[in-house]
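Chain by chain, the residues:
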Amino acid sequence: MPSPSHLRIVFLGSGSAGNAVVVTDGATTLLVDCGFSAKETTRRMALAGLAAEDVAAILVTHEHSDHIRGVEVFQRRHGMAAVACTLGTRRAAGFDALFGEVRTLAIGEAERFGTLTVVPFRTSHDAAEPVGYRIESDGGQRLGLATDTGVLSVEAAEALADVDLLGLESNHDVRMLENGPYPYYLKRRIRSEQGHLSNADACDALERLASDRLRRVFALHRSTTNNSASIVKRELAARAEAIGLRVPVDVAPQDDVLDSCPPQGSLFGEEGGEL
Ligand SMILES: [Zn+2]
Ligand SMILES: [Zn+2]
């Protein structure tokens, strides 16, 4: 078990077929997006030894189906889970018709969820009021999650400037997208300022966000058509090295979980000797 206040992040899957991330400090467990069916979300959580019943709240980034597909059923089955999002997302997703209560989050304002403090920051995406989240444990460990954004705004860069763990979109390789099978309008949408960060954009964002605090980077929302995990890893690792940033880079898969502290990590992980 991670020590209290030590953040554990479990990416249940990342990409246009579905997104969901579990964030827990051992005392409070949050789900960021629920873009798989409730059943699939529960199954993937179980793979990481996590129980759906422990989710205190589902934070939603925006109303696209790859982020909200399972929210309604998951919340209904596990009534403990509150749904929380911006007013724009709440309206665009039609959450008022589905849930008795939705916690409305204001951009830039901190909200407490148990032992975790959450601050939404604006992203640049073709949705009503999309956000990323900065999540801080009472022990002072910080996570930033920025996905589904065409550009990294000044506001987002500020929110992510001093995080320990960073989940950053690295959606497409520009050349693969241009030469790939998507129709023109979709290519244009993805590349627009309200679309998705390319690998090159992610490298530039990483350079902007580099700090002495940053310990780990997770590449998110990778396209399975217009990108490859090896390219993402290679390009981000090369940029990190070029700027003297020593952080491991992992690419969150679409079809499998990625756990920042897998159970054996407490035995053999970087905290070494913690048996
Ligand atoms: Zn998405
Ligand atoms: Zn989206």
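Placed above this text is the structure.
These numbers were taken from a predicted model, which means no experiment stands behind them.

**Re the pattern of salt bridges**
At step 1: All told, the structure shown has 18 salt bridges when counted by the stated rule.
At step 2: The shortest N-O distance in the salt bridge between Glu-40 and Arg-44 comes to 2.7 Å. You can see Glu-40 and its partner Arg-44 sitting in helix α1 (residues 38–47), four residues apart, about one turn around the helix.
At step 3: Arg-44 gets classed as buried once you look at its relative accessible area, which sits at 6%.
At step 4: We note a salt bridge from Arg-216 to Asp-250, for which the minimum N-O separation is 3.0 Å. Highlighted residues: Arg-216 in strand β12 (residues 216–220) and Asp-250 in strand β13 (residues 249–251), separated in sequence by 34 residues. For the pair Arg-216 and Asp-250, one class covers both residues: buried.
At step 5: Within the structure, one salt-bridge network assembled from shared partners comprises Arg-134, Glu-136, Arg-142 and Asp-162.

**Topic: the side chain of Arg-222**
At step 1: Within the element layout of this structure, Arg-222 appears in the loop between β12 and α9 (229–242).
At step 2: Buried within the structure, Arg-222 lacks any salt-bridge partner; its nearest side chain of opposite charge belongs to Asp-255, at an N-O separation of 7.4 Å.
At step 3: A distance of 3.4 Å separates a polar atom in the side chain of Arg-222 from the backbone oxygen of Asn-227.

**Section: the coordination of the zinc ion (ligand 1)**
At step 1: The coordination sphere of the zinc ion (ligand 1), as far as protein atoms go, consists of Asp-66 (OD), His-67 (NE2), Asp-148 (OD) and His-221 (NE2), spread over 2.1 to 2.3 Å.
At step 2: With four donor atoms in place around the zinc ion (ligand 1) and angles of 91 to 165° between them, the coordination shape is irregular.
At step 3: When the donor residues of the zinc ion (ligand 1) are listed from N- to C-terminus, their spacing reads D-H-x80-D-x72-H.
At step 4: A separation of 3.4 Å is found between the zinc ion (ligand 1) and the zinc ion (ligand 2), both of which receive a donor from Asp-148. Here Asp-148 lies in the loop between β10 (142–146) and α5 (154–159) and His-67 lies in helix α2 (residues 65–68), a separation of 81 residues in the sequence.

**Observations concerning the coordination of the zinc ion (ligand 2)**
At step 1: Around the zinc ion (ligand 2), the protein supplies His-62 (NE2), His-64 (ND1), His-125 (NE2) and Asp-148 (OD) as donor atoms, at distances of 2.2 to 2.4 Å.
At step 2: Coordination at the zinc ion (ligand 2) is irregular: its four donor atoms span angles of 91 to 174° at the metal.
At step 3: Spacing between the donor residues of the zinc ion (ligand 2) along their common chain follows H-x1-H-x60-H-x22-D.
At step 4: Since its relative accessible area comes to 4%, His-125 is described here as buried.

**Considering the sheet that holds strand β8 (residues 116–122)**
At step 1: Strand order across the open sheet formed by seven strands is β7-β8-β9-β10-β11-β12-β13, with mixed pairing between neighbours. The open sheet is flanked by β7 (111–113) and β13, the only strands paired with a single partner. With direction set aside, neighbouring strand axes in the sheet form an average angle of 20°.
At step 2: Of the strands in this sheet, β11 (165–169) and β12 touch helix α8 (residues 199–209), which is tilted by about 155° from β11.
At step 3: The sheet contacts of α9 involve β12 and β13, and relative to β13 the element is tilted by about 160°.

**Considering helix α7 (residues 184–191)**
Since there are 3.6 residues in each turn of an α-helix, residues three or four apart along the chain are aligned in direction.
At step 1: The set of residues buried in α7 consists of Leu-186, Lys-187 and Ile-190. Across the axial projection of α7, the buried residues extend over an arc of 100°, all falling on one side. In α7, the exposed positions that point more than 90 degrees away from the buried face belong to Tyr-184, Tyr-185 and Arg-188.
At step 2: At its buried positions, α7 is contacted by α6 (174–179).

The rules we used
- Residues numbered from 1 in each chain as written.
- Chains lettered and ligands numbered in written order.
- Predicted model: local features only at pLDDT ≥ 70, side-chain atom pairs only at ≥ 80, totals over all residues.
- Heavy atoms only, no water.
- Salt bridge = Lys/Arg side-chain N within 4 Å of Asp/Glu carboxyl O.
- Helix = DSSP H or I, 4+ residues; strand = E, 2+ residues; numbered from the N terminus.
- Buried < 20%, exposed > 50% of the residue type's maximum accessible area, 1.4 Å probe, protein only.
- Lys, Arg positive; Asp, Glu negative; His and termini not counted.
- Polar contact = N/O pair within 3.5 Å; in protein donor to acceptor, adjacent residues only side chain to side chain.
- Donors = N, O, S within 2.8 Å, 3.2 Å for Na, K, Ca; no water.
- Tetrahedral: all angles 85-135°; square planar, octahedral: opposite > 155°, others 65-115°.
- Pairing = 2+ DSSP bridges.
- Axes fitted to C-alpha atoms, helices over the stretch in contact; angles between N-to-C directions.
- Contact = heavy atoms within 4.5 Å.
- Arc of directions from axis to C-beta.

Function cannot be read off these values alone, since they describe shape.
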